[in-house]
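Below are the chains, spelled out letter by letter.
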Amino acid sequence: MRRISWMLAMVLVLSVLLAACGKKDAAAVVKDLNEVVGEMESYQGAGVMTLHTGDTPQQYKVEVWHQKPSYYRIALTNAKKDVTQIVLRNDEGVFVLTPSQNKSFRFQSNWPDNQGQVYLYETLIRSITGDTTRQFADEKESYVFDVAANYNTHALVRQKIWLNKSDYAPKQVEVSDSNANVVVDVKFDSFKFGAAFEKDAFDMQRNMTAATKEGGQTGTDSGVTPAEQTGEGGKEPANPQTAPEPDGAVTDGQSGVGGDTEQQGTEGAATGQEGEEPTLAEPEGADSFGVIQPTYAPEGVQLKDDQILEEAGDYSVMLRYEGTYNYTIFEARPQDRAVSLAPSSVVDLGFTLGMISGDALQTLTWMTDGIEYRITSADLPQNEMVRIATSMQEESGK
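Residues numbered from 1 in each chain as written. Predicted model: local features only at pLDDT ≥ 70, side-chain atom pairs only at ≥ 80, totals over all residues. Heavy atoms only, no water.

Q: Give me the overall build of the protein: which residues, what numbers.
A: Within the protein, the secondary structure is distributed over six helices and 19 strands. Scored against the burial criterion, the 398 residues of the protein give a buried share of 49%. Relative to all contacts within the protein whose residues are 6 or more apart in sequence, the contacts with residues 24 or more apart total 57%. Working note: accessible area of the protein is about 19100 Å², and carbon and sulfur atoms make up 49% of it. (Helix = DSSP H or I, 4+ residues; strand = E, 2+ residues; numbered from the N terminus. Buried < 20%, exposed > 50% of the residue type's maximum accessible area, 1.4 Å probe, protein only. Contact = heavy atoms within 4.5 Å. Areas by Shrake-Rupley, 256 points an atom, 1.4 Å probe, with all protein chains shown as cover.)

Q: Can you lay out the nonpolar core for me, pointing to particular residues and giving the numbers?
A: Ranked by size, the top nonpolar core spans 73 residues in total, and within it Met 49 and Ile 74 carry the most contacts. Per element, the largest residue contribution to this core is five residues, and it comes from strand 11 (residues 182–193). Ignoring sequence-local partners within four residues, the contact set of Ile 74 consists of Val 62, Glu 63, Val 64, Gln 85, Ile 86, Val 87, Trp 111, Tyr 119 and Leu 120. With 13 residues, the next largest nonpolar core counts Tyr 71, Ala 75, Phe 95 and Met 208 among its residues. (Core = buried A, V, L, I, M, F, W, Y, C linked by side-chain atoms within 4.5 Å.)

Q: Lay out the packing of aromatic side chains in plain terms, naming residues and giving numbers.
A: On inspection of all chains with the given rule, the structure shows 16 aromatic pairs. Geometrically, the ring pair formed by Tyr 43 and Tyr 121 is edge-to-face, given 6.2 Å between the ring centres and 65 degrees between the ring planes. A residue pair is termed long-range when its members are at least 10 positions apart, and Tyr 43 in strand 1 (residues 42–51) and Tyr 121 in helix 3 (residues 121–130) qualify at 78 residues. In this structure Tyr 121 comes out as buried when scored by relative accessible area, which is 0%. Between Phe 136 and Phe 145, the aromatic rings sit 5.1 Å apart at their centres with planes inclined by 55 degrees, giving tilted as the arrangement. (Phe/Tyr/Trp six-rings, centres within 6.5 Å; stacked < 30°, edge-to-face > 60°.)

Q: Could you give me a rundown of the pairing of strand 7 (residues 135–138), with the residues and numbers involved?
A: Looking at chain direction, strand 7 and strand 8 (residues 142–148) are connected through four bridges and run antiparallel. Bridge pairing in strand 8 links Ala 137 to Val 144. Following strand 7, the chain reverses through three residues before pairing antiparallel with strand 8. (Pairing = 2+ DSSP bridges.)

Q: Break down helix 2 (residues 26–39) for me, citing the residues and quoting the values.
A: A rise of 1.5 Å per residue sets the reference length of helix 2, with its 14 residues, at 20 Å; its end C-alpha atoms lie 20 Å apart and thus fit the reference within 8%. Among the residues of helix 2, those classed as buried are Val 29, Val 30, Asp 32 and Leu 33. All buried residues of helix 2 lie within an arc of 160 degrees about the axis, which places them on one face of the element. Summarising the geometry of helix 2, the exposed residues directed more than 90 degrees from the buried face are Ala 27, Lys 31, Gly 38 and Glu 39. If you follow the buried residues of helix 2, they end up packed against helix 3, strand 7, strand 8 and strand 9 (158–164). (Expected span 1.5 Å × (residues − 1). Arc of directions from axis to C-beta.)

Q: Please give an account of the pattern of salt bridges that cites residues and values.
A: Overall, the coordinates contain ten salt bridges when judged by the stated rule. Two residues, Arg 158 and Asp 146, come together in a salt bridge whose shortest N-O distance is 2.8 Å. In this pair, Arg 158 sits in strand 9 while Asp 146 sits in strand 8, placing the two residues twelve residues apart along the sequence. When salt bridges with common partners are traced through the structure, they connect Glu 198, Asp 200 and Arg 206 into a single cluster. (Salt bridge = Lys/Arg side-chain N within 4 Å of Asp/Glu carboxyl O.)

Q: Describe the side chain of Thr 352, naming the residues involved and giving the relevant values.
A: Among the secondary structure elements, Thr 352 is positioned in the loop between strand 16 (344–348) and strand 17 (353–357). Judged by its relative accessible area of 1%, Thr 352 is buried. A distance of 2.9 Å separates polar atoms of two side chains, one belonging to Thr 352 and the other to Gln 85. In this structure, Thr 352 is in contact with Leu 76, Gln 85, Val 96, Val 347, Trp 366 and Met 367, ignoring residues within four places of it in sequence. (Polar contact = N/O pair within 3.5 Å; in protein donor to acceptor, adjacent residues only side chain to side chain.)

Q: Pulling in residues and values, what's your account of the environment of Asn 102?
A: Position of Asn 102 relative to the elements: it lies in the loop between strand 5 (93–98) and strand 6 (103–107). According to the relative accessible area criterion, Asn 102 is buried, its value standing at 13%. Sequence spacing of Asn 102 and Gly 370 is 268 residues, and the spatial spacing of their C-alpha atoms is 8.1 Å.

Q: Outline the packing of helix 2 against helix 3, supporting the account with residue identities and numerical values.
A: In contact at an axis separation of 10 Å, helix 2 and helix 3 are set at 150 degrees when each is read in the N-to-C sense. Note on packing geometry: the crossing formed by helix 2 with helix 3 is left-handed. Contacts between helix 2 and helix 3 pair Val 30, Leu 33, Asn 34, Val 36 and Val 37 from the former with Tyr 121, Ile 125, Ile 128 and Thr 129 from the latter. Residue classes in the contact of helix 2 with helix 3 are distributed as seven nonpolar, two polar and no charged. (Axes fitted to C-alpha atoms, helices over the stretch in contact; angles between N-to-C directions. Left-handed = near helix turned anticlockwise from the far one by under 90°. Nonpolar A, V, L, I, M, F, W, Y, C, P; charged D, E, K, R; others polar.)

Q: So, unusual backbone geometry: which residues are in play, and what are the values?
A: With glycine set apart, most residues show a phi of negative sign, and most peptide bonds adopt trans. The omega torsion of the bond from Lys 68 to Pro 69 falls at 10 degrees, within 30 degrees of zero and hence cis. In this structure, Pro 69 sits in the loop between strand 2 (58–67) and strand 3 (71–78). One non-glycine residue, Tyr 168, lies in positive phi territory at about 70 degrees. Secondary-structure assignment places Tyr 168 in the loop between strand 9 and strand 10 (170–176). Even without being a glycine, Ala 180 presents a positive backbone phi close to 65 degrees. Using a relative accessible area of 63% as the deciding quantity, one classes Ala 180 as exposed.

Listed below in structure tokens is the structure:
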């Protein structure tokens, strides 16, 4: 009887050892991830990003291309408005393109080396390998890491990252706040290492022209396709847009920030100087988009007034807020023009990149749907600027 019990015990031990055979612990996976990143030459991924930052979740189709040494193309399409913005990095700098509006920001930056994005593979792996307190789980088809979020806002604290067991490709990312509420969620539909791209896939003019001809489509319909996908039948544009001007209509730097009239008007409001009484008259022939108000304001802050301004025939709006913080929001649909490049740093807004400039008086600038936005303040924290900007994206002009 004792011999039978002993044999049963040995069988159980062997069964446990055999079941554990082939499983990897966190250290082994981290070692593999370092090797994957070190040998990686390029990748292409696509999926859906959801921002839970307002009353209604905002969904964006995300397409990411990367090729060593430092070429990036990220296409973000608002699923509701069907408007695409492209974040591009090449040898000339970093661009934020809105092909359907023939608008572009260009600025010098080492993005994304100095700042992570939730949809970039290098950022995710750096978060995993850099967190010595990481938590690890082995699920049926995925390795799951729970690590610290190292993004440029204090509102994002933790993130869970699901990696495919077979090749370590990302499957899903959830970024949470201090209350464990998911703020950003990315689900990858596809991800391929070793993607081959056409020679001019990361060229600014090519992306502006191709996306415009195809009505701002992304993916294989954008006209800028990976090399292995060329030769497929193209589609006739259902709603062709006007092609860019010969110079690409590139706004060199922060559009409007360098303009004397606009900058003085914004600074005057931010420092508490009284402006004219609000007027509802719109400039004749102006391209009106209404008044777009944020759905979020810091506690103790309220709208003081809003004004429709006429500046060289352009339609623009200025909103002034006061209270715990004092700040001004400026909205305009600017004409294409080149201005001097202002010293700035890149800020990830989720739906696009923004630019922070200034010292004592700071300005957050970004563009979406062809409208340029600026938040200017001497006392508003950067994380509050980001929250305000994010809350404006699903709003329509009133």
